[in-house]
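What follows is each chain in one-letter form.
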Amino acid sequence: MQVVLPGVLADLAGGRRELDVDPGGATLADLLDTLAGQHPLLGRRIRDEAGQLRRFVNVYVDGDDVRYEQGLATALRDGTQVHVLPSIAGG
Amino acid sequence: MTDLIAIGTRKGLWLARSDDDRRTWTLDGPHLLAQEVAAVSIDARRPQPRVLAGIQYGHWGPTVMWSDDLGASWQETDHGAIRFPEDTGAALARVWQLRPDSAARPDVVWAGCEPHSLWRSEDGGATFELVRGLWDHPHRPTWEPGGGGAAIHTVLPDPATERVVVAMSAGGVYVSEDGGGRWEPRNRGISAGFLPEEPEYGQCVHKIAVDAGDPERMYAQNHGGVFRTDDGGRKWTSIAGGLPADFGFPIVSSPRTAGTAWVIPLVADMQRVPPEGRLRVQRTRDAGETWTASTAGLPDGAWTSVLRDAFCADDADPTGVYLGTRDGCVYASADEGETFTTVAEHLPDVLTVRAARIP
């Protein structure tokens, strides 16, 4: 699976914005667990210690916002592309 | 020797240095740009002074970072310095306070956080452990958030004993005499205008400070009231007489002169601006019996405010006093709050100011 990161998080993944990750399971939670195991700081930017997606982080699985799918339980398929994006926030 | 001020703002951290005994200041920054720095400390107990920052990314969450080279580089713990244990089901929302313990406990650092929680580090702030005695206190589920959040915003470890005092919005003052195991509320005499009766706890204390000469004597700036205790918090009495307003956020005590403390009054409850738009520091030399105003060097026509951690004293002689405003100005006094000079202007809103003399 491919994980696409915003530029601001690339430093936490060795400078790369596109990562190939073996999810180690069938859901988005499995993928993010694997990613956090490889890059703990990156993992913490995306989810809090209770495992929840941070409020202003959007995750898209094949173009769909997982908040409107099954959240962290959203299923992955072969070749799935996961986008991590900062939401609209700040000021 | 260099005098260092750490200035945490809503959009980053600035450092100011003085090499001429706090007469002129050189500003350096921004560090941690675009990150909210709500808590900062300068840990001067270490061979290399450590700047600890509790930061909050708008999108990417809160964490603790530190610099051992005065801001040139920053580090953080991979798995998070402050991380709620899984069984709590909680997640860190914001770091409100980073407080190094005494020189005799050189690696101990305390953190006060949101949601209401106290943390203790034994490795200089790299990792913290939740203080379970307070987290498991039966009152905790009934503590309310203040306007800024559900935060433990004041942590005062006593250097000579195992006493630890914390204050929170809105839960009041709690004291442990055994290093954090058992806790009791100590708020008697402190009114709470937003509640129908004087409660055992639940007061909206904004900040407390310990007197230099007597650890049993403390000062409190509350949401509507300024108070003193002479018996470790068991009974509080008002010392707001003589102040132009009894509201404000910070209260600072002198680290070297008994009976000396400072407040920055704001007209309340809803306005929260300096009286008549005149930013002033009020100082007492007699533990709150009388107050005098210092205005020299502070702006007139200032309709800004000073938040609870944006006011501090250093431990030099004479004591330096520092404050930062929500409109991005920082002022320093090298004469115990008598006169002030401008350190910085036009920064983002200042959330926290800390100062120390370093090698």
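Residues numbered from 1 in each chain as written. Chains lettered and ligands numbered in written order. Predicted model: local features only at pLDDT ≥ 70, side-chain atom pairs only at ≥ 80, totals over all residues. Heavy atoms only, no water.

Going by what an unreviewed UniProt entry lists, chain B is known as Photosystem II stability/assembly factor-like uncharacterized protein and is assigned to Petropleomorpha daqingensis.

Per an unreviewed UniProt entry, chain A goes by the name Molybdopterin converting factor small subunit and belongs to Petropleomorpha daqingensis.

Caption draft 1: Inspection of the overall build of chain A at higher detail. Regarding its fold elements, chain A presents three helices and five strands. Tracing chain A from N to C terminus, the helices and strands come up as β-α-β-α-α-β-β-β. Against the compact-globule benchmark of 12 Å for 91 residues, chain A has a radius of gyration of 12 Å, which places it among compact chains. Along the longest, intermediate and shortest principal axes, the C-alpha atoms of chain A span 35 × 30 × 25 Å. Burial statistics for chain A: of 91 residues in total, 45% are counted as buried. Within chain A, residue pairs in contact and separated by at least 24 positions form 45% of the contacts whose partners lie at least 6 positions apart. (Helix = DSSP H or I, 4+ residues; strand = E, 2+ residues; numbered from the N terminus. Rg over C-alpha atoms; globule rule 2.2 N^0.38 Å. Buried < 20%, exposed > 50% of the residue type's maximum accessible area, 1.4 Å probe, protein only. Contact = heavy atoms within 4.5 Å.)

Caption draft 2: Molecular detail of the overall build of chain B. For chain B, the count of helices and strands is one helix and 27 strands. Taking 2.2 N^0.38 as the reference for a compact globule, 359 residues should give roughly 21 Å; the C-alpha atoms of chain B span a radius of gyration of 19 Å, in line with that estimate. Within chain B, the fraction of its 359 residues that count as buried is 61%. Excluding contacts between residues fewer than 6 apart, the proportion of contacts in chain B whose partners are at least 24 apart in sequence is 50%. As presented, chain B carries roughly 13,400 Å² of accessible surface, and 48% of it is formed by carbon and sulfur atoms. The average position of the 34 basic charges and that of the 50 acidic charges among the side chains of chain B differ by 1 Å. (Areas by Shrake-Rupley, 256 points an atom, 1.4 Å probe, with all protein chains shown as cover. Lys, Arg positive; Asp, Glu negative; His and termini not counted. Charge placed at Lys NZ, Arg CZ, Asp CG, Glu CD.)

Caption draft 3: Highlighting the sheet that holds strand 24 (residues 321-324) of chain B. Residues and elements named next belong to chain B. One open sheet accounts for four strands, arranged 23-24-25-26; its pairing is antiparallel. In this open sheet, the two edge strands, each paired with only one partner strand, are strand 23 (311-313) and strand 26 (341-344). Strand after strand, the sheet turns through a mean of 25° between neighbouring axes, direction not considered. Here strand 25 (residues 330-333) pairs with strand 26 via three bridges, running antiparallel. What sits directly across from Val 330, in strand 26, is Ala 344. (Pairing = 2+ DSSP bridges. Axes fitted to C-alpha atoms, helices over the stretch in contact; angles between N-to-C directions.)

Caption draft 4: Structural view of the packing of aromatic side chains. Residue and element names in this part refer to chain B. Evaluated as defined, the whole model comprises six aromatic pairs over all chains. Counting every residue linked through ring pairs, the aromatic cluster contains Phe 84, Trp 119 and Trp 135. For the cation-ring pair, Arg 140 lies above Trp 135, with the distance from its terminal atom to the ring centre recorded as 3.5 Å. (Phe/Tyr/Trp six-rings, centres within 6.5 Å; stacked < 30°, edge-to-face > 60°. Lys NZ or Arg CZ within 6 Å of the ring centre and 35° of its normal.)

Caption draft 5: Layout of the interface of chain A and chain B. Each partner contributes to the interface: chain A provides 18 residues, whereas chain B provides 21 residues. The largest per-residue losses of area from chain A upon contact with chain B belong to Arg 44, Arg 45 and Glu 49 of chain A, which jointly make up 44% of the total buried on that side. Linking chain A to chain B there are two salt bridges. Between Glu 76 of chain B and Arg 45 of chain A there is a salt bridge, and its shortest N-O distance comes to 2.5 Å. Summed over the shared surface of chain A and chain B, the number is 10 residue pairs in polar contact (both at pLDDT 80 or more). (Buried area = accessible area lost by both parts, 1.4 Å probe. Salt bridge = Lys/Arg side-chain N within 4 Å of Asp/Glu carboxyl O. Polar contact = N/O pair within 3.5 Å; in protein donor to acceptor, adjacent residues only side chain to side chain.)

Caption draft 6: Expanded view of the environment of Asp 28 of chain B. Residues and elements named next belong to chain B. Structurally, the position occupied by Asp 28 is in strand 3 (residues 26-31). Along the sequence, Asp 28 and His 79 sit 51 residues apart, while their C-alpha atoms lie 30 Å from each other. With near-sequence residues (within four places) excluded, Asp 28 lies in contact with Trp 14, Leu 15, Arg 17 and Leu 70. One polar contact links Asp 28 to His 31, side chain to side chain, over a distance of 3.1 Å.

Caption draft 7: Up close: empty space enclosed by the protein. According to the stated counting rule, one finds one cavity of 30 Å³ or more in the structure shown. In this structure, the largest cavity occupies an estimated 90 Å³ of space. Residue lining of the largest cavity: Arg 44, Glu 49 and Arg 54 of chain A together with Pro 62, Thr 63, Val 64, His 79, Gly 80, Ala 81, Ile 82, Arg 83 and Leu 92 of chain B, and that is the complete set. With three residues, strand 6 (residues 61-67) of chain B is the largest single contributor of residues to the lining of the largest cavity. In terms of residue class, the lining of the largest cavity is built from five nonpolar, three polar and four charged. (1 Å grid on protein atoms, 1.4 Å probe; cavity = no way out; pocket = protein on both sides within 12 Å on 5 of 7 lines; lining within 4 Å. Points joined across faces, edges and corners; volume = space filled by probe spheres on them. Nonpolar A, V, L, I, M, F, W, Y, C, P; charged D, E, K, R; others polar.)

Caption draft 8: Quick peek at the layout of surface pockets. All names here are of chain B. The computed volume of the largest pocket comes to approximately 1,300 Å³. The wall of the largest pocket is formed by 45 residues, among which Arg 99, Pro 100, Leu 156, Pro 255 and Ala 313 lie closest to the centre. Mapped onto the lining of the largest pocket, the elements with two or more residues apiece are strand 4 (35-43), strand 7 (94-100), strand 11 (151-157), strand 15 (205-210), strand 19 (251-253), strand 23 and strand 27 (350-358). The residue inventory of the lining of the largest pocket, partitioned by class, reads 24 nonpolar, six polar and 15 charged.

Caption draft 9: Summary view of the nonpolar core. Val 3 of chain A together with Leu 13 of chain B are the most contacted members of the largest nonpolar core, which totals 38 residues. Val 3 of chain A has contacts with Arg 17, Glu 18, Leu 19, Val 21, Leu 31, Leu 35, Val 82 and Val 84 of chain A, leaving out every residue within four places of it along the chain. Counting 30 residues, the second largest nonpolar core, distinct from the first, contains Ile 7, Ala 16, Leu 298 and Val 343 of chain B. (Core = buried A, V, L, I, M, F, W, Y, C linked by side-chain atoms within 4.5 Å.)

Caption draft 10: Quick look at the side chain of Thr 319 of chain B. Residue and element names in this part refer to chain B. Counting through the fold element by element, Thr 319 comes out in the loop between strand 23 and strand 24. Of the residues examined, Thr 319 reaches a relative accessible area of 0% and is grouped as buried. Setting aside residues up to four positions removed in sequence, Thr 319 forms contacts with Arg 22, Ser 254, Pro 255, Arg 256, Trp 262, Ala 313, Asp 314, Ser 333, Ala 334, Asp 335 and Glu 336.

Caption draft 11: View of the pattern of salt bridges. Using the criterion set out here, one finds 36 salt bridges over all chains in the structure. A salt bridge links Asp 62 of chain A to Arg 77 of chain A, with the nearest nitrogen and oxygen atoms 2.6 Å apart. Residue Asp 62 of chain A is found in the loop between strand 3 (57-61) and strand 4 (64-65), and its partner Arg 77 of chain A is found in the loop between strand 4 and strand 5 (81-86); the two are separated by 15 residues along the sequence. Here Asp 62 of chain A falls in the partly exposed class, since its relative accessible area comes to 32%. The salt bridge involving Arg 272 of chain B is made with Asp 269 of chain B; its shortest N-O contact spans 3.4 Å. According to the relative accessible area criterion, Asp 269 of chain B is partly exposed, its value standing at 33%. Sharing partners across several salt bridges, the network here consists of Arg 163, Glu 177, Glu 184, Arg 186, Glu 216 and Arg 234 of chain B.

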